[in-house]
Amino acid sequence: AQSVTQLDSQVPVFEEAPVELRCNYSSSVSVYLFWYVQYPNQGLQLLLKYLSGSTLVKGINGFEAEFNKSQTSFHLRKPSVHISDTAEYFCAVSDPYNQGGKLIFGQGTELSVKP
Amino acid sequence: DAGVTQSPTHLIKTRGQHVTLRCSPISGHKSVSWYQQVLGQGPQFIFQYYEKEERGRGNFPDRFSARQFPNYSSELNVNALLLGDSALYLCASSWTGAVNTEAFFGQGTRLTVV
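Here the structure is a predicted model, which is why all the values come from computation and not from measurement.

Student: I'd like a description of the overall build of chain B, backed by residues and values.
Tutor: From N to C terminus, chain B includes zero helices and eleven strands. When the helices and strands of chain B are listed from N to C terminus, the series reads β-β-β-β-β-β-β-β-β-β-β. Taken along the three principal axes of its C-alpha coordinates, chain B extends 35 × 25 × 25 Å. By residue count, 50% of the 114 residues in chain B fall in the buried class. Pairs at least 24 apart in sequence give 54% of the contacts found in chain B among residues at least 6 apart. Side chains of chain B carry 10 positive and 8 negative charges; the gap between the two charge centres is 7 Å.

Structure below.
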């Protein structure tokens, strides 16, 4: 069965510094990969997704992620963070051939941006 | 346009009781999925419905059931509540439910079982 590991439960960073949130998934023939953000007391919002094609994926709010098949990783990066980026970030994987549309989420990484 | 709406936003139930959570998808979306998010963890898939039929089911006991109505809204029912059912329940809607189409999440229903 597919699984997702987010290697850091909490990432503190200063404003305007770069950040990387790490995500590894269990290997499979093919996968779809996603990053979601959850602000306090809100639902999940899609940041970006990898379905196929270019391994560097750009998303909203200046975030990007790189799909690395050999490392089975999909790390999320932002070159300069803002206070408003403080939130919980979830990496998720899905089987392209699964008709049920099931997303498998990691445990989440709490990004805390300090002034 | 209204996003995915869930009701109620919060509720408190006693062990052994039954609860019904409701979800209205974005207009035009035909698929609804339900997830359970226990505090400190990522969401866990419970069900997906498309065109009123169950398309996927997660690893949850039979106490959990759901249905989708002709207007594509959905209900999640949980019987014989346990303390461990306390969680944020998220509903997501999408056009077709296929994983390559974006799922839009509601703000969730916070269920506390005491």
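Student: Tell me about the packing of aromatic side chains, residues and numbers included.
Tutor: Enumeration according to the criterion identifies 13 aromatic pairs over all chains in this entry. For the ring pair A:Phe90 and A:Phe105, a centre distance of 6.3 Å and an interplane angle of 90° mean the geometry is edge-to-face. Of this pair, A:Phe90 sits in strand 10 (residues 87–94) while A:Phe105 sits in strand 11 (residues 104–105); the two residues are 15 residues apart in sequence, bridging distant segments of the chain. Taking relative accessible area as the criterion, A:Phe90 reaches 1% and is therefore assigned buried. Classification of A:Phe105 as buried rests on a relative accessible area of 6%. Just above the ring of B:Tyr50 sits the side chain of B:Arg55; from NZ or CZ to the centre is 4.3 Å.

Student: Give a detailed account of the nonpolar core, specifying residues and quantitative values.
Tutor: By size, the foremost hydrophobic cluster in this structure holds 28 residues, and its most contacted members are A:Leu33, A:Trp35, A:Leu47, A:Leu48, A:Phe74, A:Leu76 and A:Tyr89. With four residues, the top contributor of residues to this core is strand 10 of chain A. Ignoring any residue separated from it by four or fewer positions in sequence, one finds A:Phe74 in contact with A:Cys23, A:Leu33, A:Phe34, A:Trp35, A:Leu48, A:Tyr50, A:Ala65, A:Glu66 and A:Phe67. With 22 residues, the next largest nonpolar core counts B:Val32, B:Phe64, B:Leu81 and B:Leu111 among its residues.

Student: Give a description of the interface of chain A and chain B that names residues and reports values.
Tutor: Every contact between the two is made by 23 residues of chain A and, on the other side, 20 residues of chain B. Across the chain A/chain B interface, buried area totals approximately 1,700 Å², and carbon plus sulfur atoms make up 55% of it. Counting across the interface, chain A meets chain B through zero salt bridges. At the junction of chain A with chain B, the criterion picks out two residue pairs in polar contact (both at pLDDT 80 or more). When contributions to the side of chain A that touches chain B are tallied by element, the ones reaching two or more residues are strand 5 (32–38), strand 6 (44–50) and strand 10 of chain A. When residues in the side of chain A that touches chain B are grouped by element, the largest group, four residues, is from strand 5 of chain A.

Each value, and the rule that gives it
Residues numbered from 1 in each chain as written. Chains lettered and ligands numbered in written order. Predicted model: local features only at pLDDT ≥ 70, side-chain atom pairs only at ≥ 80, totals over all residues. Heavy atoms only, no water. Helix = DSSP H or I, 4+ residues; strand = E, 2+ residues; numbered from the N terminus. Buried < 20%, exposed > 50% of the residue type's maximum accessible area, 1.4 Å probe, protein only. Contact = heavy atoms within 4.5 Å. Lys, Arg positive; Asp, Glu negative; His and termini not counted. Charge placed at Lys NZ, Arg CZ, Asp CG, Glu CD. Phe/Tyr/Trp six-rings, centres within 6.5 Å; stacked < 30°, edge-to-face > 60°. Lys NZ or Arg CZ within 6 Å of the ring centre and 35° of its normal. Core = buried A, V, L, I, M, F, W, Y, C linked by side-chain atoms within 4.5 Å. Buried area = accessible area lost by both parts, 1.4 Å probe. Salt bridge = Lys/Arg side-chain N within 4 Å of Asp/Glu carboxyl O. Polar contact = N/O pair within 3.5 Å; in protein donor to acceptor, adjacent residues only side chain to side chain.

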